[in-house]
Amino acid sequence: MKRLTASFRLLTSTFAMVPAWAQSAPAPAPGSALSLELNAAQPSEKGCRLTFVVNNALGADLSKAAFEIALFNETGVVDRLTVLDFKDLPAGKTKVTRFDLAGADCGKLSRVLINSATECAGNGVEPAACMRALKTSTRTSIAFGV
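The model shown is predicted, which means the values in this text are computed figures rather than measured ones.

Q: Whenever I open this one, the nonpolar core confuses me. Can you help?
A: Soluble globular proteins tend to bury their nonpolar side chains together. Ranked by size, the top nonpolar core spans 32 residues in total, and within it Leu-34, Phe-52, Leu-62, Phe-86 and Val-112 carry the most contacts. Counting only elements with at least two residues in this core, the list comes to β1 (33–43), β2 (47–57), β3 (62–72), β4 (78–89), β5 (94–102), β6 (111–121) and α3 (129–132). Per element, the largest residue contribution to this core is five residues, and it comes from β3. Setting aside residues up to four positions removed in sequence, Val-112 forms contacts with Leu-38, Leu-50, Ile-69, Ala-70, Leu-71, Ile-142, Ala-143, Phe-144 and Gly-145.

Dropping the structure here:
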């Protein structure tokens, strides 16, 4: 009996040490997603302008969402890594965002890869949710995904 009581105390004290964010941040509900579409790539005065359409169907507002992307040239070589900051993404809202990539040539861009979510913050959203629930698509000839 003493051994059972000691084991129970050890188990309950272990659960008590789990951080509050790990207990209160649920995983995205089945069917929930953060949809990111590469909608257009157009030459701009600075270089190449990428237009994205984002829909937050995670069921919670994101106060901050940013992704590190890798840009591949026409021969498949990584040209650069950069971070795109989508700022706040309200739940259930679709948002269009443009990014001018200085010195990039749209005609030589063959692939855009989402490397990681550098920021993913919101009430009730765990930091890994932005990558785990990410769904990508493209309306361009540029390959886009994770």
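Picking up after the structure, the text goes on.
Q: Explanation requested: the state of the cysteines in the structure shown.
A: Two cysteines joined by a covalent bond between their sulfur atoms form a disulfide. Enumeration over the complete set of coordinates arrives at two disulfides. Each sulfur of the disulfide joining Cys-48 and Cys-106 lies 1.9 Å from the other. Judged by the sign of its S-S torsion, about 105 degrees, the bond between Cys-48 and Cys-106 is right-handed. Here the residue Cys-48 occupies a position in strand β2, and Cys-106 occupies one in the loop between β5 and β6, the gap between them amounting to 58 residues. As far as burial versus exposure is concerned, Cys-48 and Cys-106 are alike and both buried. The disulfide partner of Cys-120 is Cys-130, and the gap between their sulfur atoms is 2.1 Å. Taking the sign of the S-S torsion, about 80 degrees here, the bridge from Cys-120 to Cys-130 comes out right-handed. Residue Cys-120 is located in strand β6, and its partner Cys-130 is located in helix α3; the two are separated by 10 residues in the primary sequence. Residues Cys-120 and Cys-130 agree in their burial class; the two are buried. Once the bonded cysteines of the protein chain are numbered in order along the sequence, the disulfide links fall as 1-2, 3-4.

Rules of the game
Residues numbered from 1 in each chain as written. Predicted model: local features only at pLDDT ≥ 70, side-chain atom pairs only at ≥ 80, totals over all residues. Heavy atoms only, no water. Core = buried A, V, L, I, M, F, W, Y, C linked by side-chain atoms within 4.5 Å. Buried < 20%, exposed > 50% of the residue type's maximum accessible area, 1.4 Å probe, protein only. Helix = DSSP H or I, 4+ residues; strand = E, 2+ residues; numbered from the N terminus. Contact = heavy atoms within 4.5 Å. Disulfide = S-S within 2.5 Å.

Purely spatial values, then, with no claim about function.
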